[in-house]
Amino acid sequence: LAKQKKLVLQTQREEGRRKLGMVFCSFRSAPAGATGFDVWGTPGVNLYIVHNAEVLKIPSCVPRWPLNARVEVIVTMDAPSTEVNEDKVRGSDGRGSLPWPRRPLSPVFSCLEISLDADINRSGTVTRRKNWTWGPNGKGAILLVNCDKDDREQSCSSSNLPMSSSDLRDMSLMILTTRGPDDIFDDHQLVLHVSASDDNKVGVFHAQGKWKKLSKYKHVLGSGKLSYLVERCGQAEDFFYVEGLAFPDTDFTGLVSFHATLLEELPEAPIFSDTVVFRVAPWIMTPNTLQPVTVYVCSVKDNADFVTDVKKLTQKAGCKLVICPEIENKGDRWIQDEMEFGYVQAPHKSFPVVFDSPRDRGLKNFPFKKILGPDFGYVTREAAQEKLSSLDSFGNLEVSPPVTVRGKEYPLGRILIGTYFPTAKGDQVVKDIQDFLYAQEVQSPIELYSDWLFVGHVDEFLTFIPAGDRKGFRLLLASPSACFKLLKEKNQEGYGDALMFDGKLGKKPISIKKILSDKSLKSCNEYFQKCIDWNRDVLKEELDLTEEDIIDIPQLFERSSSCKAHAYFPDLVNMIVLGKYLGIPKPFGPIIHEQCCLEAEVRRLLEPLGLSCTFIDDFKTYHALYGEIHCGTNTRRKPFSFKWWNMTP
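Residues numbered from 1 in each chain as written. Predicted model: local features only at pLDDT ≥ 70, side-chain atom pairs only at ≥ 80, totals over all residues. Heavy atoms only, no water.

## Focus: the pattern of salt bridges
Point 1. Under the defined criterion, the tally for this structure stands at 24 salt bridges.
Point 2. Measuring nitrogen to oxygen at the nearest pair gives 3.4 Å for the salt bridge that ties R279 to E441. Of this pair, R279 sits in strand 19 (residues 269-280) while E441 sits in the loop between helix 6 (431-439) and strand 30 (446-449), and the two are 162 residues apart along the sequence.
Point 3. We classify R279 as buried; its relative accessible area is 8%.
Point 4. Look at E441 and you get partly exposed, because its relative accessible area is 34%. (Salt bridge = Lys/Arg side-chain N within 4 Å of Asp/Glu carboxyl O. Helix = DSSP H or I, 4+ residues; strand = E, 2+ residues; numbered from the N terminus. Buried < 20%, exposed > 50% of the residue type's maximum accessible area, 1.4 Å probe, protein only.)

## Examining the packing of aromatic side chains
To describe a pair of aromatic rings, you give the distance between the ring centres and the angle between the ring planes.
Point 1. Counted by the stated rule, this structure contains 27 aromatic pairs.
Point 2. With 5.7 Å between their ring centres and 80° between their planes, W452 and F557 make a pair best called edge-to-face. One end of the pair, W452, is in the loop between strand 30 and strand 31 (462-466); the other, F557, is in strand 36 (residues 557-559), with 105 residues separating them in the sequence.
Point 3. Lying over the aromatic face of Y622, R333 brings its terminal NZ or CZ to 5.7 Å of the ring centre.
Point 4. Here the basic side chain of K507 rests over the ring of F501, its NZ or CZ set 5.1 Å away from the ring centre. (Phe/Tyr/Trp six-rings, centres within 6.5 Å; stacked < 30°, edge-to-face > 60°. Lys NZ or Arg CZ within 6 Å of the ring centre and 35° of its normal.)

## Describing a negative patch on the surface
Point 1. There is a patch of like negative charges on the surface, built from E83, D183, D186, D187, E265 and E268.
Point 2. You can see D183 is positioned in the loop between strand 12 (172-179) and strand 13 (188-194).
Point 3. The exposed category is assigned to D183, whose relative accessible area is 52%. (Patch = residues over 30% accessible without salt bridge, like charges linked within 9 Å, V, L, I, M, F, W, Y side chains within 5 Å. Areas by Shrake-Rupley, 256 points an atom, 1.4 Å probe, with all protein chains shown as cover. Lys, Arg positive; Asp, Glu negative; His and termini not counted. Charge placed at Lys NZ, Arg CZ, Asp CG, Glu CD.)

## Let's talk about the nonpolar core
Point 1. Core analysis: the biggest nonpolar cluster contains 67 residues, and M174 and F258 have the highest contact counts within it.
Point 2. Filtering out sequence-adjacent residues up to four positions away, F258 remains in contact with L116, M174, H193, V194, V202, V204, L221, V242, D274, T275, V276 and F278.
Point 3. Membership of the second largest hydrophobic core comes to 63 residues, among which are F464, F569, V577 and C597. (Core = buried A, V, L, I, M, F, W, Y, C linked by side-chain atoms within 4.5 Å. Contact = heavy atoms within 4.5 Å.)

## Description of the sheet that holds strand 10 (residues 113-118)
Pairing between the strands of a sheet comes from backbone hydrogen bonds, and it takes one of two forms, parallel or antiparallel.
Point 1. Taken in spatial order, the five strands of this open sheet run 10-12-17-14-15, and their pairing is antiparallel. The sheet is open, and its two borders are formed by strand 10 and strand 15 (217-221), each paired with just one other strand. For this sheet, the mean inter-axis angle between neighbouring strands, taken without regard to orientation, is 25°.
Point 2. Looking at chain direction, strand 12 and strand 17 (residues 237-244) are connected through six bridges and run antiparallel. Each bridged residue has a counterpart across the sheet, and for I175 the counterpart in strand 17 is F239. (Pairing = 2+ DSSP bridges. Axes fitted to C-alpha atoms, helices over the stretch in contact; angles between N-to-C directions.)

## Some details on helix 6
Point 1. Every buried residue of helix 6 is listed here: I433, Q434, D435, F436, L437 and A439.
Point 2. The elements touched by buried residues of helix 6 are strand 24 (349-356), strand 25 (377-380), strand 26 (397-399), strand 29 (415-419) and strand 30.

## Points about the sheet that holds strand 39 (residues 581-585)
Point 1. Spatial ordering of the open sheet is given by 38-39-42, a layout of three strands whose pairing is mixed. A strand with exactly one partner marks an edge of an open sheet, and here the two such strands are strand 38 (576-578) and strand 42 (612-616). Within this sheet the neighbouring strands show an average axis-to-axis angle of 20°, counted without direction.
Point 2. Direction of pairing for strand 39 relative to strand 42: parallel, over a ladder of five bridges. Paired with G583 across the bridge in strand 42 is T614.
Point 3. Sitting on the sheet, helix 10 (residues 597-606) is in contact with strand 39 and strand 42, with an inclination near 155° to strand 42.

## Structural notes on the side chain of S511
Point 1. Structurally, S511 can be placed in strand 34 (residues 510-511).
Point 2. Judged by relative accessible area, S511 falls into the buried class, the value being 12%.
Point 3. Not counting residues up to four positions away in its chain, the partners in contact with S511 are G496, D497, A498 and L499.

## Points about the environment of S481
Point 1. If you trace the backbone, S481 turns up in helix 7 (residues 480-495).
Point 2. Separated by 47 residues in sequence, S481 and F528 place their C-alpha atoms 9.8 Å apart.

## Looking at the pairing of strand 22 (residues 320-324)
Point 1. As defined by bridge partners, strand 21 (residues 292-298) adjoins strand 22 across five bridges and the pair is classed as parallel. Residue pairing in the sheet places C298 in a bridge with C324 of strand 22.
Point 2. Taken together, strand 21, helix 2 (residues 304-317) and strand 22 constitute a β-α-β crossover, and its handedness is right-handed. (Right-handed = clockwise from strand over helix to strand, strands pointing away.)

## What about the confidence of the model for the protein?
Point 1. In this model, the protein carries an average pLDDT of 87, and 87% of its residues clear a pLDDT of 70 or more.
Point 2. Segment residues 1-27: pLDDT under 50, and 87 contacts once partners within four positions in sequence are set aside and those in other chains are kept.
Point 3. Contacts from residues 97-106, a stretch scored under 50 in pLDDT, to residues over four places away or in other chains number 27 contacts. (pLDDT = per-residue confidence, 0-100.)

## Comments concerning the packing of helix 7 against helix 9 (residues 519-543)
Point 1. Contact pair helix 7 / helix 9: the axes reach a minimum separation of 8 Å and the direction vectors enclose 135°. With respect to helix 9, the axis of helix 7 lies oblique. Across the interface between the two elements, P480, S481 and F484 of helix 7 pack against L521, K522, N525, Q529 and I532 of helix 9. (Parallel < 35°, antiparallel > 145°, perpendicular 65-115°, else oblique.)

Spelled out as structure tokens, the structure:
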């Protein structure tokens, strides 16, 4: 703590220890006629001379130093002072032993340690380093957004107190260390503060007295509070608990800085400031290749058999099934469109977070009222209903497994968003959703062309399945070309009269020959194949895929009244993936040798990968309403084992 303005307080770090010191600028204050000097200090004071780009510790072999502007004396201490002004530096110009310099500098000073620290090593232990860096050798503290509901009706951000001990477990610890004479604070103040731009992004609670009582946690920063005067009450450490209140977005990088500043009271001026930087954990999506935990499905008046089949599949896969009753879904069966599951993670805690789409239909209250809870977070982005389109439903939101693209690693995969063709006018995913997804940084989104579809969702023409070889997965793409090729083969084999939709009530059976002779159907599927091929090229480029990584699944589409595509028969790629168990829409294709030739082809393509194919009838309950199994289910999965902060976006 420098008494004079020419003493500049500094901190140095050497071999993991903190040294407290100051630069002693002596040249201008030397007595008239002086040409050299020597200097010494009281026990506990370390003195260094900077001369000719060398740093030498006193005592040294040099008895006197030249007095010029290129010479500096650095004063450091390994420990704070125990009393005010107990430490001294004395000097001589060679003509006497009076304290030097006599004026205007005082030879006495006090050393005070001030340090603001957090878990920058991401190990669960508070350590000292201030900047934030990505990568496996990166450093920097992490915050979770307190977006779950821990046994309470209100979020922590709406109260001046944490409402439960679970709240505190979600928060990150920040420690303010202050060591030195208490008397210094008779005319100095220690202030903890945050910038106005971060005020609504964080909340900070000061642990006081007996911490076990929630009333002892005082809300000191955030939600209108920009600074907090820390009273020195004899303790060396003050413990603060920090929560995030906002995810990264266009107006927020995710980085938040806290500062501890020592001020002189009169006149009020900063003497020293220490800073610690936190990054708010991003929201992370989970791909089909991760282990399923819970499957969600809606029960409506006509889908009891479908729910039963999904239940059997979840039992095989060993995961939980949650059935949303009609009183809660209000007849809305499209649970995939309503929400997307992901998670947040810090070194001390991880929990799932549901992303609620702006789509406001029968399920609009389900994520908030039934999924949000203890250690289960919630996030949404609002949008004006007149600006919404089908593209804003979350069937149009997928994520790839981890990939490496031209040497660039994406260990958490890449998000896929369906939008309109780049040169055409059409519907686009609402900007707030796109901005949010891009701002998370760790799953760099890819925009695909899905506006050619009647519903417009990427899950209508693609999905990912696990595989034990190559990249650990395969990309499945719906393929009209593969379907026509298969039907031509069956026709050439003499099965041209075999009927699609045979015995399926509500759908007129049609033979292979008639399908192949339908010029209108063939023409529109040639166009739809071009749309899929456009996306195929984008995916190969952006995910670094080869043809061996892609499996073409036979599928036909037909043109709607708006000249857009919807599935001609149940859409085979719109499946649910539960580990090795696949729930695939039953296509009701031509029966050859007592089995559906489409089912047989899918089994031939997928079962050699160690996968089990179960075909589920969703014809009347989903397909006839322009959706399939994936549209009517939703799956929460285990988080990645990889820690997001170890990557480099």
